There are 2 protein chains.
Amino acid sequence: MKYDTNQLEINKVQKSKIEEVNFENLVFGEIFTDHMFVCDYENGQWQTPKITPYGPIQLDPSAKVFHYGQAVFEGMKAYKDDEDQIWLFRPEENYKRINKSSARLAIPEFPKDYFFQGLEELLKLDKDWIKKGFGNSLYIRPFVIATEECVSANPATKYKFMIICSPAQAYYSGEVRVQFSEKYSRAADGGVGAAKAAGNYAAQFYPTNLAKEAGFQQIIWTDANTHDYLEEAGTMNIFFRIGDKLITAPTSDRILDGVTRKCVIDLAKDMNIEVEIRRVPVSEIVEAARKGELKEIFGSGTATVINPIAGFGYKDEKFELPKMKDSYGKSFKDRLMKIQYNQAEDKHGWRYQVK
Amino acid sequence: MKYDTNQLEINKVQKSKIEEVNFENLVFGEIFTDHMFVCDYENGQWQTPKITPYGPIQLDPSAKVFHYGQAVFEGMKAYKDDEDQIWLFRPEENYKRINKSSARLAIPEFPKDYFFQGLEELLKLDKDWIKKGFGNSLYIRPFVIATEECVSANPATKYKFMIICSPAQAYYSGEVRVQFSEKYSRAADGGVGAAKAAGNYAAQFYPTNLAKEAGFQQIIWTDANTHDYLEEAGTMNIFFRIGDKLITAPTSDRILDGVTRKCVIDLAKDMNIEVEIRRVPVSEIVEAARKGELKEIFGSGTATVINPIAGFGYKDEKFELPKMKDSYGKSFKDRLMKIQYNQAEDKHGWRYQVK
Ligand SMILES: Cc1ncc(COP(=O)(O)O)c(C=O)c1O
Ligand SMILES: Cc1ncc(COP(=O)(O)O)c(C=O)c1O
């Protein structure tokens, strides 16, 4: 199938709503820019892509996304440097991953040219929404939903691919303490855990509410079979530092192959930090914490970049982590953000300029 | 919280579209009746419920259902007897189950009075859509979706509860052959398999496509840990008959507690058929098939009632099942349908009249 990028239709807003937004006081994911990108799939192919004013969409109550959760998404960010240049960070990875997620959910893949053209035109139109300043960014949410009007449980014949954008400030979630899961699970072996499938997230809400009641902010999920191995958090991959060594779980069909995770592994190599990619027994981490050898736990993900973990709970015990002066997490965050904001050399070629 | 059922607002269609429908040639789940039931949740409570003409709904592109799959549903049927009386079948079970599903997905429970009042008023308004005749029914789809406009991954503060209805004919899917899953999984231990969570269904589409390419119509899912035990199909619980004994897997947090399954177990008792509710090793079923002792496999579910399985595949082998004269599946289907259509005594009190 050949997709022609001369077709993109652009319908601009009459008047921007940017004046109404207080950029000093943004709640994550609540405010959206003036425009959105939309492309419908029907009759076996993706139709003419469009950029339109941001606004509600109409769906039949029988649209399959409501009933069978045929929906996948991505999360990426755009940054503005001091010269007003706009940068994305490894967008190719997000493009590949949304199609990998789609394939697992029997959703047709989205054409690469449409993705990049739509994304870049949208960012150029809404460029004033990307604020300068270390920590400011525009969070970008590509997603696909099944729109076919039919309540029989099989793959849809109609879909909607969209990109919406939300301005974001540096993410500070307060001190985060996590619970190691003993009972609930996020993903099955042979399931959809490696896909950014919508249903994976709702499944975590109830156990996370229970963890919150017990005084934690998030859960680190363990393998569903034995609950003996640590896997990842709800929207972050997880790294453990024992002594001077980093440990993180290998990706699998249960664990999302995070872009930030990959960067941390590469940066660690650059910094001569040893990284072991292998199963992470809960017992090893608890033991290391007891002996004072567990120096750090941190999460990696697009929204937070690097999120330090202040402590964890397992069974009825709680452990506090030391406050490290030479924190690995902090170094990675700093290096990553400097690359993202075009303030440091980009030797891996991760930056992608929108012009 | 007290919910007042004097509030239901009803807004009828000007003109029914029933004339346009060919009731002799219905595809499952494609045509909907004139009206729908809608109730919104916001500010911490369910608002005034409404019955309105069936039609599209408007949602913000950031509505959480699209991104995090916070959505659950039910499936039930209404039947009309020869005296034009309308019957539901164990609707209390569906009401309880949707709230159980909701709880697991951190969705607020829906009030019982609203559910039954909405359901019954809707059926009375659209009663002409329920056709007489053994096998005809109105398929009823209650569902709840998260509508809050925000792309942060936590439970929504706004929801929409809806009921839509679709006329259905006797379900005949042709001969069904199933594949026993060796690699893919439907549900994790500690996951949401026991909930009718939207995301559980999309997760099955891709493996089911592979099974179809291999010549099967459906998959019987095995436990995600070992793939050694048979659990259930995509929208049916599964029974195996070895000799004169029935075997079915116990419900768990991976398996849906099917209403039809419960009825089959009760009817088997009535008929003095032995039922073992225990784990079902794949090896036992394959062995029994080899020895000619495996007499039947059938699925149970609201849409199909009882669905006989003609054969199965496991690893590279295919097995055909005998055509039984004294088929248990057929007896159960017959007994169940006679109760549903008010043609037989209802000693368990399963029928529920709408008047
Ligand atoms: C389940 C899960 N794990 C990990 C991540 C981190 O991935 P990335 O670094 O690509 O944002 C995310 C968020 O995207 C996620 O949803
Ligand atoms: C996963 C699953 N199993 C089993 C069933 C059968 O349940 P019931 O007999 O209540 O329709 C269904 C359908 O509702 C289902 O979705």
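This one's a predicted model, so the numbers in the text were calculated from it and none came from an experiment.

A. Layout of the packing of aromatic side chains. Applying the stated criterion to the full structure yields 61 aromatic pairs over all chains. For the pair Tyr95 of chain A and Phe115 of chain A, a centre-to-centre distance of 5.1 Å together with 55° between the ring planes defines the contact as tilted. Of the two residues, Tyr95 of chain A is situated in helix H2 (residues 91–104) and Phe115 of chain A in helix H3 (residues 112–125); the sequence distance between them amounts to 20 residues. By relative accessible area, which is 10% here, Tyr95 of chain A ends up buried. A ring pair is formed by Phe115 of chain B and Phe116 of chain B, whose centres lie 5.3 Å apart and whose planes are at 75°; its orientation type is edge-to-face. A relative accessible area of 0% places Phe115 of chain B in the buried class. An aromatic cluster is present here, built from Phe37, Tyr41, Trp46, Tyr95, Phe110, Tyr114, Phe115, Phe116, Tyr159, Phe161 and Tyr352 of chain A joined pairwise through their rings. Sitting above the plane of the Trp87 of chain A ring, Arg351 of chain A keeps its charged end 5.2 Å from the centroid. Above the ring of Tyr229 of chain B, the side-chain terminus of Arg279 of chain B is found at 3.7 Å from the ring centroid.

B. Fine view of the relation of the copies chain B and chain A. Rotating chain B by 180° and translating it 0.0 Å along the rotation axis places it on chain A, where the RMSD comes to 0.0 Å. Given the turn and translation reported, the copies of this chain are related as if by a two-fold rotation axis.

C. Representation of the UniProt feature "modified residue: N6-(pyridoxal phosphate)lysine" (unreviewed entry) in chain A within the structure. All names here are of chain A. The UniProt entry lists Lys196 under the feature "modified residue: N6-(pyridoxal phosphate)lysine" (unreviewed entry), expressed in the numbering used here. With respect to the secondary-structure elements, Lys196 resides in the loop between strand E11 (176–180) and helix H4 (198–213). Each residue touching Lys196, except ones within four places of it in the same chain, is listed here: Ala71, Val72, Phe73, Glu74, Gly75, Arg97, Ser101, Tyr201 and Leu256.

D. Examining the site of ligand 1 more closely. Residues and elements named next belong to chain A. Close to ligand 1 lie 16 residues, the nearest being Lys196, Tyr201, Glu232, Thr260 and Thr302. Here an oxygen atom of ligand 1 and a side-chain polar atom of Lys196 are 2.5 Å apart. Between ligand 1 and the protein, one listed contact pairs an oxygen atom with a backbone N or O atom of Val259 at 2.7 Å. For the shell around ligand 1, the secondary structure elements donating two or more residues are helix H5 (259–270) and strand E18 (294–301). Residues of the shell around ligand 1, tallied by class, amount to four nonpolar, eight polar and four charged.

E. The site of ligand 2, seen in detail. All names here are of chain B. Around ligand 2 sit 16 residues in total, of which Lys196, Tyr201, Glu232, Thr260 and Thr302 are the nearest. Within the side chain of Glu232, a nitrogen or oxygen atom sits 2.5 Å from a nitrogen atom of ligand 2. Here Thr302 contributes a side-chain N or O atom positioned 2.6 Å from an oxygen atom of ligand 2. Its free accessible area being 380 Å², ligand 2 has 97% of it covered by the protein chains.

Criteria and thresholds
- Residues numbered from 1 in each chain as written.
- Chains lettered and ligands numbered in written order.
- Predicted model: local features only at pLDDT ≥ 70, side-chain atom pairs only at ≥ 80, totals over all residues.
- Heavy atoms only, no water.
- Phe/Tyr/Trp six-rings, centres within 6.5 Å; stacked < 30°, edge-to-face > 60°.
- Helix = DSSP H or I, 4+ residues; strand = E, 2+ residues; numbered from the N terminus.
- Buried < 20%, exposed > 50% of the residue type's maximum accessible area, 1.4 Å probe, protein only.
- Lys NZ or Arg CZ within 6 Å of the ring centre and 35° of its normal.
- Least-squares fit on C-alpha atoms with pLDDT ≥ 70 in both.
- UniProt positions renumbered as here; feature names shortened; annotations may be inferred.
- Contact = heavy atoms within 4.5 Å.
- Near = heavy atom within 4 Å.
- Polar contact = N/O pair within 3.5 Å; in protein donor to acceptor, adjacent residues only side chain to side chain.
- Nonpolar A, V, L, I, M, F, W, Y, C, P; charged D, E, K, R; others polar.
- Areas by Shrake-Rupley, 256 points an atom, 1.4 Å probe, with all protein chains shown as cover.

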